[in-house]
Amino acid sequence: QVQLVESGGGRVQAGGSLRLSCTASGRTLRTYAMGWFRQAPGKEREFVAAITWSGSSTYYADSVKGRFTISRDNAKNTMALQMNSLKPEDTAVYYCTADPTPFWKPGSSPPYWGQGTQVTVSS
């Protein structure tokens, strides 16, 4: 069984930065694609970013492209999301996900999810 735990959320002013981390346990995820989703109050959960098993390919939602960077460290079984130039509309609960397929498929719904970490951006 895969367990995912997010950390690094918090409150920041617009224009600031945060770095989210995801630590996996239960098994090694070096052959899994991993990603981040978010859900704002009253809105549908949405895709943010994803990374293939090797880290050679990354994918971003248009709304975060150029501001967010996803990365992973397979030796440590971790993944990160560096978020820069944050905007109030980035306020949401951010979820770490894992999918046993090595390559990310747009529109996919990963089977493994963390509990989420709150990110609040004030104007």
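Right above here is the structure, for reference.
Cut-offs applied
- Residues numbered from 1 in each chain as written.
- Predicted model: local features only at pLDDT ≥ 70, side-chain atom pairs only at ≥ 80, totals over all residues.
- Heavy atoms only, no water.
- Helix = DSSP H or I, 4+ residues; strand = E, 2+ residues; numbered from the N terminus.
- Buried < 20%, exposed > 50% of the residue type's maximum accessible area, 1.4 Å probe, protein only.
- Pairing = 2+ DSSP bridges.
- Core = buried A, V, L, I, M, F, W, Y, C linked by side-chain atoms within 4.5 Å.
- Contact = heavy atoms within 4.5 Å.
- Phe/Tyr/Trp six-rings, centres within 6.5 Å; stacked < 30°, edge-to-face > 60°.
- Lys NZ or Arg CZ within 6 Å of the ring centre and 35° of its normal.

K.L.:
Is there a simple way to explain unusual backbone geometry in this structure?
P.N.:
A negative phi angle is the norm for most residues apart from glycine, just as the trans form is the norm for most peptide bonds. The phi angle at N77 is positive, at roughly 60°, despite the residue not being glycine. Along the chain, the position of N77 falls in the loop between β7 (68-73) and β8 (78-83). Owing to a relative accessible area of 14%, N77 belongs among the buried residues under this scheme. Positive phi values are uncommon outside glycine, yet S85 reaches one of about 50°. Assignment of secondary structure puts S85 in the loop between β8 and β9 (92-99). A relative accessible area of 42% places S85 in the partly exposed class.

K.L.:
Whenever I open this one, the pairing of strand β4 (residues 33-39) confuses me. Can you help?
P.N.:
Note on strand geometry: in a regular strand, side chains alternate between the two faces of the sheet. With 6 of 7 residues buried, β4 lies mostly within the body of the structure. Alignment of β4 against β9, held across 7 bridges, turns out to be antiparallel. Residue pairing in the sheet places R38 in a bridge with Y94 of β9. In this structure, β4 lies alongside strand β5 (residues 46-51), joined through 5 bridges in antiparallel fashion. Bridge pairing in β5 places W36 opposite A49. Between β4 and β5, which pair antiparallel and follow one another directly, the connecting turn spans 6 residues, one of which, G42, has a positive phi of 75°.

K.L.:
I would appreciate a short explanation of the nonpolar core in the present structure.
P.N.:
Within soluble globular proteins, side chains that are nonpolar generally end up buried alongside one another. One finds L4, M34, W36, L81, M83 and Y94 to be the most contacted residues of the largest nonpolar core, which totals 29 residues. For L4, the contacting residues outside a window of four places in its chain are C22, T23, A24, L29, M34, C96, T97, A98, Y112, W113, G114 and Q115.

K.L.:
It is not clear to me how the packing of aromatic side chains should be interpreted in this structure. Could you clarify?
P.N.:
Here the distance between the centres and the angle between the planes together describe a pair of aromatic rings. Tallied over the full model, the rule gives 6 aromatic pairs. On the basis of an interplanar angle of 70° and a centroid distance of 6.0 Å, the ring pair of Y95 and W113 is categorised as edge-to-face. You can see Y95 sitting in strand β9 and its partner W113 sitting in strand β10 (residues 112-113), a full 18 residues away along the chain. By relative accessible area, which is 13% here, Y95 ends up buried. Ring-pair connections join several aromatic residues into one group, and the members of that group are F37, F47, Y95, W104 and W113. The lysine or arginine in question, R45, covers the ring of Y95, its NZ or CZ lying 4.3 Å from the ring centre. Above the ring of W113, the side-chain terminus of R45 is found at 4.6 Å from the ring centroid.

Note that all results are geometric; they support no functional claim without further evidence.
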